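Overview (structure and organization)
If you want the building blocks of each chain, they are given just below.
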Amino acid sequence: MPRAEGPGGLRARKKGEVWGVEGLMCHLEPVSPSTISRIKSAKITLLENDSELVCQADIILSIVPPRDAIATARRIADACHSSAGITARNARRGTTSAPLDLTFVDLNAISLNRVTLISNLLSSKVAEEGRPEPLRRQTSLLSRFSSSPPKDPPPEPIPITFIDGAIIGPPPRRKPEHNKEWTLPSLVLSGPSLPTSLSPDLRQILHVTHVSPQLGGASTLKSCFASLTKGLTALSILSFTTAQSASLLPHLTSHLEKYSPGTLSLVKNALPAVPAKAHRWVDEMRQIGENFAEVGGLQEGRDAFDGFAGLYALVAEETELGREGKRGKNVEDVLATVEAGVKRRRRKYGAVGEEGEEDLSLTWRGSWT
């Protein structure tokens, strides 16, 4: 897949009383040595192509940047209709108890509209009818009047069971007070029912919660949750950067410490996480806004989160935070680099008025002292 967190198939296996997970992952694009190292350390098999993936995996978890969710689903649909994928899976099913259907779980932060698009894309009917009607009719007529012997009908594609899902919470980590206990992210799923391929044991391993019988419920829940975490982080960038530009940051932090210490604690923990994730959050903010507008009926939500998307694009594209892994390790450095990025953007797009004079509304950096 495009990145190390691309789709992989998971199979549960039991070692005595301990359940573990075997993974499968596919990369068609060149991957960095660090990515290969992480793959090997996680004991994940790197497959050569998507046909191998749909042959060997019974469950595919799609975890990619939101902008790549539809393209990833399309690749899996194509592989399930390819002769190579169909032949390899049928051969495997002839020697194992592999299920007929391939289960595809989309765990990306996407809107209800994209969930519907992916569901339609993965349905066999849509895939088989992918060609325009005139072209299908022309092909049928040509085959009818052709003198060549009729060709064998194409093999049946690999059927796909689609599940809408999302991941809520940080990666697994040990509880500091209990070395043997873990804090796990919640893997929320939605749809009429969960397939038998997701066995109770596997659901326990993945910490699964079925949140809604409606397809798209899991993605909507993810939007509501992420708007309160990543949305707060975006507000923090706006607030703290502006306070710093006005030489008021110490006063802001002291007042937060006195009147809203919980907010200050959240901000201090959230801001250093921005540099590594800002590029992923750009499209996620737009997906959140789309859900607020389409599901909640709140166009104001789309407007607000489109603005947040622009803010994270600024961090990812116009600052050193998005280009260097060494910057943004603490709140002060995050704010300094964002402020520098704002200045760079002003110079890039020009801060000059119609008469060639400096536009003070764009370039003023005031002080109240």
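The rules behind each value
- Residues numbered from 1 in each chain as written.
- Predicted model: local features only at pLDDT ≥ 70, side-chain atom pairs only at ≥ 80, totals over all residues.
- Heavy atoms only, no water.
- Helix = DSSP H or I, 4+ residues; strand = E, 2+ residues; numbered from the N terminus.
- Buried < 20%, exposed > 50% of the residue type's maximum accessible area, 1.4 Å probe, protein only.
- Contact = heavy atoms within 4.5 Å.
- Areas by Shrake-Rupley, 256 points an atom, 1.4 Å probe, with all protein chains shown as cover.
- Salt bridge = Lys/Arg side-chain N within 4 Å of Asp/Glu carboxyl O.
- 1 Å grid on protein atoms, 1.4 Å probe; cavity = no way out; pocket = protein on both sides within 12 Å on 5 of 7 lines; lining within 4 Å.
- Points joined across faces, edges and corners; volume = space filled by probe spheres on them.
- Nonpolar A, V, L, I, M, F, W, Y, C, P; charged D, E, K, R; others polar.
- Phe/Tyr/Trp six-rings, centres within 6.5 Å; stacked < 30°, edge-to-face > 60°.
- Axes fitted to C-alpha atoms, helices over the stretch in contact; angles between N-to-C directions.
- Parallel < 35°, antiparallel > 145°, perpendicular 65-115°, else oblique.
- Expected span 1.5 Å × (residues − 1).
- Core = buried A, V, L, I, M, F, W, Y, C linked by side-chain atoms within 4.5 Å.

1. As for the overall build of the protein
Of regular secondary structure, the protein possesses 15 helices and ten strands. Counting every position in the protein, which comprises 369 residues, the buried fraction comes to 39%. Across the protein, contacts joining residues at least 24 apart in sequence account for 64% of those joining residues at least 6 apart. For the protein, the exposed area adds up to about 20,900 Å²; of that, 56% sits on carbon and sulfur atoms.

2. Focus: the pattern of salt bridges
Once the charged atoms of two side chains with opposite charge are near each other, the side chains can pair. Counting across every chain of the model gives eight salt bridges. For arginine 75, the salt bridge identified is with aspartate 50, shortest N-O distance 3.0 Å. In this pair, arginine 75 is assigned in helix α3 (residues 69-80) and aspartate 50 in helix α2 (residues 50-56), connecting sequence segments 25 residues apart. Overall, the relative accessible area of 22% leaves arginine 75 in the partly exposed class. Judged by its relative accessible area of 9%, aspartate 50 falls in the buried class.

3. Remarks on empty space enclosed by the protein
Considering all chains together, one arrives at one cavity of 30 Å³ or more under this definition. In this model, the largest cavity occupies a volume close to 30 Å³. Taken together, Leu61, Val105, Leu187, Leu189, Leu198, Leu206 and Val208 make up the full set of residues lining the largest cavity. Partitioned by chemical class, the residues of the lining of the largest cavity number seven nonpolar, no polar and no charged.

4. What about the packing of aromatic side chains?
As enumerated under the stated definition, the model contains four aromatic pairs in all. Arranged with centres 5.5 Å apart and planes meeting at 75 degrees, the rings of phenylalanine 292 and phenylalanine 305 form a pair that is edge-to-face. You can see phenylalanine 292 sitting in helix α12 (residues 274-294) and its partner phenylalanine 305 sitting in helix α13 (residues 299-318), a full 13 residues away along the chain. Residue phenylalanine 305 is classed as buried on the basis of its relative accessible area, which comes to 7%. Measuring from centroid to centroid gives 5.0 Å for phenylalanine 305 and phenylalanine 308, while their planes differ by 80 degrees, and the two rings are edge-to-face. Linking phenylalanine 305 with phenylalanine 308, this pair stays in helix α13, spanning three residues, or about one helical turn. Members of the aromatic cluster, connected to one another through ring pairs, are Phe292, Phe305 and Phe308.

5. A closer look at the packing of helix α9 (residues 217-245) against helix α11 (residues 261-270)
It is at 10 Å that the axes of α9 and α11 come closest, and there the two elements cross at 95 degrees. By the angle class used here, α9 and α11 are roughly perpendicular. Contacts from Leu232, Thr233, Ser236 and Phe240 in α9 reach Leu264, Leu266, Val267 and Ala270 in α11. Along the lines of polarity and charge, the residues of the contact of α9 with α11 split into six nonpolar, two polar and no charged.

6. Quick look at α3
For α3, with twelve residues, the first-to-last C-alpha span of 17 Å sits near the 16 Å given by 1.5 Å per residue. Packed against the buried residues of α3 are α2, β4 (59-62), α4 (83-93), β5 (102-106), α5 (112-122) and β6 (160-168).

7. Looking at the nonpolar core
Formed by 32 residues in total, the largest nonpolar core has its most connected members in Ile237, Phe240, Val274, Met285, Tyr312, Val315 and Val338. Of all the secondary structure elements, the ones that give two or more residues to this core are α9, α10 (249-259), α11, α12, α13 and α14 (331-349).

8. Things to note about the side chain of threonine 220
Checked against the element boundaries, threonine 220 lands in helix α9. Beyond its immediate chain neighbours, meaning those up to four positions away, threonine 220 contacts Asn291 and Val295.

9. Considering the environment of alanine 109
When you line up the elements, alanine 109 lands in the loop between β5 and α5. Note on alanine 109: relative accessible area 11%, which makes it buried. With 45 residues separating them in the primary sequence, alanine 109 and valine 64 have C-alpha atoms 9.0 Å apart. Excluding residues that lie within four positions of it along the chain, alanine 109 makes contacts with Pro66, Lys222, Glu284 and Gln287.

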